[in-house]
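# Descriptive analysis of the structure
Chain by chain, the residues:
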Amino acid sequence: MSTELEFSIAALNGPAKRHIRVFQIHQFLDRFAMGLTVAVVALALTDRGMDLFQISLLFGVYSLTTMAMELPFGGLADNIGRKPVFLAAVVASLISLALFLSTSNFYVLALSFAFIGFGRALRSGTLDAWFVETFKAAAPNVDVQPALAKAQWANAMGLAVGAVFGGLLPDLLGSVAERLGFSVYDVSYVASLAVMLGVFVYTMFVIVEEPRPLNRQALKQGFATVPLVIKDAGLLALRHPALSVLLAALAFFLMATNPVEVIWPTHAKPMLEDGYANSVIGVLTAAYFFSIAFGAWLSPRINRIFRRRHAVTLGAAFACLAGVQIALALQGGIVGFVTVFIVYSVVLGVSETPASSILHRSVEDRQRSTMLSLKSLIQQLGGALGLILAGAIAELYSTPTAWMVGAMFLVVAVILIGILAKRLGAENE
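Keep in mind it's a predicted model, so treat the numbers as computed, not measured. (Residues numbered from 1 in each chain as written. Predicted model: local features only at pLDDT ≥ 70, side-chain atom pairs only at ≥ 80, totals over all residues. Heavy atoms only, no water.)

## Re the packing of aromatic side chains
Where two aromatic rings form a pair, the distance of their centres and the angle of their planes describe that pair. To be explicit about the condition: For Phe, Tyr and Trp, rings pair up if their centres lie within 6.5 Å, where Trp contributes its six-membered ring, and each pair is then called stacked (planes under 30 degrees apart), edge-to-face (over 60) or tilted (otherwise). In this text, helices come from DSSP runs of H or I with a minimum length of four residues, and strands from runs of E with a minimum of two, each type numbered from the N-terminal end. Remark: exposure states derive from per-residue accessible area (1.4 Å probe, protein chains only) relative to the maximum for the residue type, with buried under 20%, exposed over 50%, and partly exposed in between. Charge-over-ring contacts are defined here by two conditions on Lys NZ or Arg CZ: a distance within 6 Å of the ring centre and an angle within 35 degrees of the ring normal.
Evaluated as defined, the whole model comprises 14 aromatic pairs. On the numbers, 6.1 Å between centres and 70° between planes, the contact of phenylalanine 32 with phenylalanine 165 is edge-to-face. In this pair, phenylalanine 32 is assigned in helix α2 (residues 14–38) and phenylalanine 165 in helix α9 (residues 145–179), connecting sequence segments 133 residues apart. Residue classification places phenylalanine 165 among the partly exposed residues on the basis of a relative accessible area of 39%. Aromatic ring contacts, followed pair by pair, group Trp264, Tyr288, Phe289, Phe337, Phe341 and Trp403 into a single cluster. Stacked on the ring of tryptophan 297, the Lys or Arg arginine 301 has its end atom at 3.9 Å from the ring centre.

Structure follows, in structure tokens:
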């Protein structure tokens, strides 16, 4: 496979190679800006006086905003152009960062998180579609997969490097920020704001797209078709019981794992010495992204062990996650926590491919977008509910207790995937 990748890239003409470089730089900068805050967001909220329940509510606002806006804006980029919609997403991100830096008020912070969700809904599938379409025009006889792999690598590297710097900056410049009357974590947010401005300028002047006629009905049609899309997706799931079981399992999966992803820095930081705690959190966040990528790479190999039965592989991954999540909750020292957290992240990556394979194998091309929309809605809803519940439990009892309760949702997901495996096995007989 590596030979094919090198051959495909080497065979490209000049414009196609430049197109890949332009998009790689863009993806790196955009994700670098996000990575600067992702490592410290929970810590920054704690520093602003938010308790774990309030932090969970804020992330719930983000999830629910994304869920509400993703479907209406899904076709907007196709109608008015990918570049204008992405620029609007960057503006939403800038507003979110400015609001965050300006306040410690819960309700203003909630508005900031709503703008993050709004920006994500606008970003979804915009420049990715532009990249593929422009690449095919520049190199019509070349497989687009190696080019996408290059862009995805830049995406992951941007998040990982951003996370490292996002954790490092508060330790390096936090004392300066405090002398000026700001939070130590505001340094990472100011850096993210600066890089995001750079993304706006880069997109404005380097990303080239032919302007499209403005369709004033596009947004109205987007909102009008939401009930129809949800109805069609629901009916499709009901007609395919296997899909219904899979979607329910994925909802429970997000209810269990999303709280770990969001609030682990607040649990890990007290295990570290103050002088370098934020830097370690940043490095561990980067390791989290790399571990998920490694798990995704391992997934096909693990799937072969289970004779390519995707549901069995997924059930085994969920069962393993439940045990590892409980083990993670029981760690009281940083060495044990880091070790188990890396294993947890790898297993998360392993679980991604089997779930997608089952879904795509169960629907036809004409149904695919509808089902992916429903999957996104259900996962966002499951993640939001899990966060709110975990936040309440963590505030009343402790974070480890919340994670152990969440592991029970993974047990439910394992049971559902067991039912799914039997159903798919019967269908194949």
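## As for helix α8 (residues 126–138)
Our working definition: In a helix, the anticipated span is given by 1.5 Å times the number of residues less one.
Its 13 residues give α8 an end-to-end C-alpha distance of 19 Å, which sits within 8% of 18 Å, the value for a rise of 1.5 Å per residue. Thr126, Leu127, Ala129, Trp130, Phe131 and Phe135 are the residues of α8 that are buried.

## Description of the side chain of serine 291
The condition that has to hold: Contacts: residue pairs with any heavy atoms within 4.5 Å of one another.
Structurally, serine 291 can be placed in helix α14 (residues 277–305). Classification of serine 291 by relative accessible area gives buried; the value is 8%. Those residues in contact with serine 291 that sit more than four places away from it in its chain are Ile342, Ser345 and Val346.

## Side note on the packing of α2 against helix α10 (residues 186–206)
Heads up, the condition is: Here the axes come from fitting lines to C-alpha atoms, over the contacting stretch only for helices, and the angles between their N-to-C directions go from 0 to 180 degrees. Each angle is binned into one of four classes, with values under 35 degrees roughly parallel, values over 145 roughly antiparallel, values of 65 to 115 roughly perpendicular, and all other values oblique. The hand of a helix crossing depends on one turn: near helix anticlockwise from the far one by less than a right angle means left-handed, and clockwise means right-handed. Three categories are distinguished: nonpolar for Ala, Val, Leu, Ile, Met, Phe, Trp, Tyr, Cys and Pro, charged for Asp, Glu, Lys and Arg, and polar for the others, with Gly belonging to the last.
Packing of α2 against α10 leaves a shortest axis separation of 8 Å and a crossing angle of 160°. Classified by the angle between their axes, α2 and α10 sit roughly antiparallel to one another. Once α2 is placed against α10, the crossing between them reads as left-handed. The segment α2 lies against α10, with Arg21, Val22, Ile25, His26, Leu29, Asp30, Phe32, Ala33, Leu36 and Thr37 engaging Ser188, Tyr189, Ala191, Ser192, Val195, Met196, Val199, Tyr202, Thr203 and Val206. For the contact of α2 with α10, the residue count by class is 13 nonpolar, 5 polar and 2 charged.

## Topic: the packing of helix α13 (residues 241–268) against α14
Two numbers describe a pair of packed helices, the interaxial angle and the distance between the axes. Put simply, α13 and α14 touch, their axes get as near as 11 Å, and they point 145° apart. Judged by the twist between their axes, the crossing of α13 over α14 is right-handed. Each of Glu261, Trp264, Pro265 and Ala268 in α13 lies in contact with α14, whose residues at this interface are Ile281, Leu284, Thr285 and Tyr288. Residue composition of the contact of α13 with α14, by class: 6 nonpolar, 1 polar and 1 charged.

## Here's the deal with the environment of isoleucine 281
Its place among the elements puts isoleucine 281 in helix α14. For the pair isoleucine 281 and glycine 167, spaced 114 residues apart in sequence, the C-alpha separation works out to 6.0 Å. Ignoring any residue separated from it by four or fewer positions in sequence, one finds isoleucine 281 in contact with Ala39, Leu43, Trp264, Pro265, Ala268, Lys269 and Leu272.

## A word on the nonpolar core
The nonpolar side chains of a soluble globular protein tend to be buried, and buried together. Rule in force here: What is meant by a nonpolar core is a set of buried Ala, Val, Leu, Ile, Met, Phe, Trp, Tyr and Cys residues, joined one to another through side-chain atoms within 4.5 Å.
With 104 residues, the main nonpolar core has Leu45 and Leu420 as its most contacted residues. Tallying contributions element by element places α13 first for this core, with 15 residues. Look past the residues within four positions of leucine 45 in its chain and what remains in contact with it is Met50, Ile55, Leu58, Phe59, Phe100, Leu109 and Phe113.

## Re the pattern of salt bridges
We count it as follows: By definition, a salt bridge exists where a carboxyl oxygen of Asp or Glu is found within 4 Å of a side-chain nitrogen of Lys or Arg.
One pass over the structure, following the stated rule, counts 3 salt bridges. In this structure, the salt-bridge partner of arginine 31 is aspartate 30, at a minimum N-O distance of 2.5 Å. Each member of the pair, arginine 31 together with aspartate 30, is buried. The salt bridge involving arginine 48 is made with aspartate 186; its shortest N-O contact spans 2.9 Å. Highlighted residues: arginine 48 in the loop between α3 (41–47) and α4 (52–73) and aspartate 186 in helix α10, separated in sequence by 138 residues. For the pair arginine 48 and aspartate 186, one class covers both residues: buried. Residues joined in a network through salt bridges with shared partners are Asp30, Arg31 and Arg123.

## Quick look at the side chain of serine 345
Selection criterion: Here a polar contact is taken to be a pair of N or O atoms separated by no more than 3.5 Å, where protein atoms must pair a possible hydrogen donor with a possible acceptor and residues adjacent in sequence count only if both atoms sit in side chains.
Here serine 345 is to be found in helix α16 (residues 334–362). For serine 345, the side chain forms a polar contact with the main-chain oxygen of phenylalanine 341, separated by 2.8 Å. Every residue in contact with serine 345, bar those within four places of it in the chain, is listed here: Tyr288, Ser291 and Ile292.

## Concerning the confidence of the model for the protein chain
In low-pLDDT segments, the atomic positions of the prediction should not be examined closely. How we decide: In predicted models, pLDDT denotes the confidence assigned by the predictor to each residue on a 0 to 100 scale.
Per-chain confidence: the protein chain averages 84 in pLDDT, with 83% of residues scoring 70 or above. Averaged pLDDT values for the elements of the protein chain fall to 44 in helix α1 (residues 2–10) and rise to 95 in α10. Residue range residues 1–7 is modelled with pLDDT below 50. Its contacts to residues more than four positions away, or to other chains, number 1 contact.

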